[in-house]
Amino acid sequence: MISLEAVTKIYHQPLLSLIFEAQSVHRHHHQTDAVQMCTLSNIKSGRCPEDCKYCPQSARYPTEVESYPLLPLEEVISQAQDAKEHGATRFCMGAAWRNAPDGEDFERVLQMVEAVAGMGMEACVTMGMLRPDQAQRLAKAGLTAYNHNLDTSEKFYPEIITTRTYRDRLETIQHVANAGIQVCCGGIVGMGETDSDRLELLHTLANLSPQPESVPINALSPVQGTPLGDVEPIDPLVLVRMVATARILMPKAIVRLSAGRDRLSVSDQALCFLAGANSIFSSEKLLTTANPDWQDDAKMFHQLGIKPKEFA
Ligand code: SAM
Ligand code: DTB
Ligand code: SF4
């Protein structure tokens, strides 16, 4: 068990010492100068019944996001092929559902997972709460990882989401791990939370058993129409501290510099890589919001001497 005091001590040390410690841990456990590219696909968009205040896909907020039902299998396969050709080794399929469905839609998601895994890519899905039997079927289809974020601290969580509890999230994460699927679990900064909320989130993540194999750190991408649409952008150095602390606490995890990169300079991102981030989402769109495009990232990798991490 890692104590909250230990997490606090790591997080609040002088920034340069924190980055140095994180980079030392990083070099011990990971290939240096290699960053994994993952590509997202919004396989089912909009009209979500949940009230996550950050999310443009919630049916409760007047946003301009496109709504469509589950995409056809062929469309998703073609997107995955395109991502692979651009060097992505992980394909992450997101669906705006409160929980994983049953019936035809679930069968189609299983086919998508089989197809992506069959192409020699890591397959990841995020579609809300999962039951143990659904997790087992996804595992059988070849799913590498399931993304289900805690988003923030247990304390701040009710300010952001009221339609499902922190406990619901922890249960889904346990079902995923029990089925032998890797857990991808992280959070968002820049929603008005305090340092103490960030520390508590990191503390909860690091004490999950097993620890998550993948930890996405998102900076809020504010979307007009959502209750957080006008929130001021976060100081990039908060992101650096989050990444570095996550790296030290979860040495083996892939730490993903996720939403919000379109507002970061190459130098900000370089600091995040130095602090132990070793994955990004690539392609000009995340699920619904803007992201640097393939060319921007190819240029950044060249400038920083980073190689795309190969499929292992
Ligand atoms: N509906 C499923 C769920 O909530 O688990 C899957 C899709 S949901 C969009 C996946 C994650 O994206 C959320 O948990 C949240 O962490 C992140 N996210 C959503 N909107 C965001 C935003 N505007 N800025 C940053 N991260 C966001
Ligand atoms: C995660 O933590 N970040 C990704 C992925 N998991 C699914 C999603 C970010 C979404 C950003 C808002 C949007 O594009 O709609
Ligand atoms: Fe729905 Fe997921 Fe968006 Fe929450 S984050 S509103 S559950 S799509």
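About the thresholds
Residues numbered from 1 in each chain as written. Chains lettered and ligands numbered in written order. Predicted model: local features only at pLDDT ≥ 70, side-chain atom pairs only at ≥ 80, totals over all residues. Heavy atoms only, no water. Near = heavy atom within 4 Å. Nonpolar A, V, L, I, M, F, W, Y, C, P; charged D, E, K, R; others polar. Buried < 20%, exposed > 50% of the residue type's maximum accessible area, 1.4 Å probe, protein only. Helix = DSSP H or I, 4+ residues; strand = E, 2+ residues; numbered from the N terminus. Pairing = 2+ DSSP bridges. Right-handed = clockwise from strand over helix to strand, strands pointing away. Expected span 1.5 Å × (residues − 1). Contact = heavy atoms within 4.5 Å.

Caption draft 1: Structural view of the site of ligand 3. Taken together, C48, E50, C52, Y54, C55, S58, A96, W97 and R164 make up all the residues around ligand 3. Across the shell around ligand 3, the residue classes tally to 6 nonpolar, 1 polar and 2 charged.

Caption draft 2: The pairing of strand β3 (residues 122-126), seen in detail. By the criterion of burial, β3 is predominantly enclosed, with 5 of the 5 residues buried. With 5 bridges connecting them, strand β2 (residues 90-95) and β3 associate as parallel partners. In the sheet register, G94 faces β3, and the bridge partner there is T126. Once you follow β2 into helix α4 (residues 104-118) and on to β3, the crossover reads as right-handed. By the bridge criterion, 2 bridges tie β3 to strand β4 (residues 145-147) in an arrangement that is parallel. Residue pairing for β4: C124 is matched across the bridge by A145. Where the polypeptide runs from β3 across helix α5 (residues 132-141) and back to β4, its parallel neighbour, the crossover connection is right-handed.

Caption draft 3: Just α4, in detail. For α4, built from 15 residues, the straight-helix expectation of 21 Å at 1.5 Å per residue is met to within 8% by its first-to-last C-alpha distance of 21 Å. Among all positions of α4, only F106, V109, L110, M112, V113, A115 and V116 are buried. Looking at the buried positions of α4, the neighbouring elements they touch are β1 (34-44), α3 (73-85), β2, β3 and α5. At the C-terminal side of α4, G120 shows a positive phi close to 80°.

Caption draft 4: Structural context of the pairing of β1. Burial runs high along β1: 11 of the 11 residues are buried. Taken together, the 2 bridges between β1 and strand β10 (residues 307-308) define a ladder with parallel strand orientation. Counted as the bridge partner of V35 is P308 from β10. Pairing analysis gives 3 bridges linking β1 to strand β9 (residues 279-281), with the strands arranged parallel. Looking across to β9, one finds that M37 is bridged to I280. As defined by bridge partners, β1 adjoins β2 across 6 bridges and the pair is classed as parallel. Pairing of K44 across the sheet is with A95, part of β2. The parallel pair β1 and β2 is bridged by α3, and the resulting crossover is right-handed.

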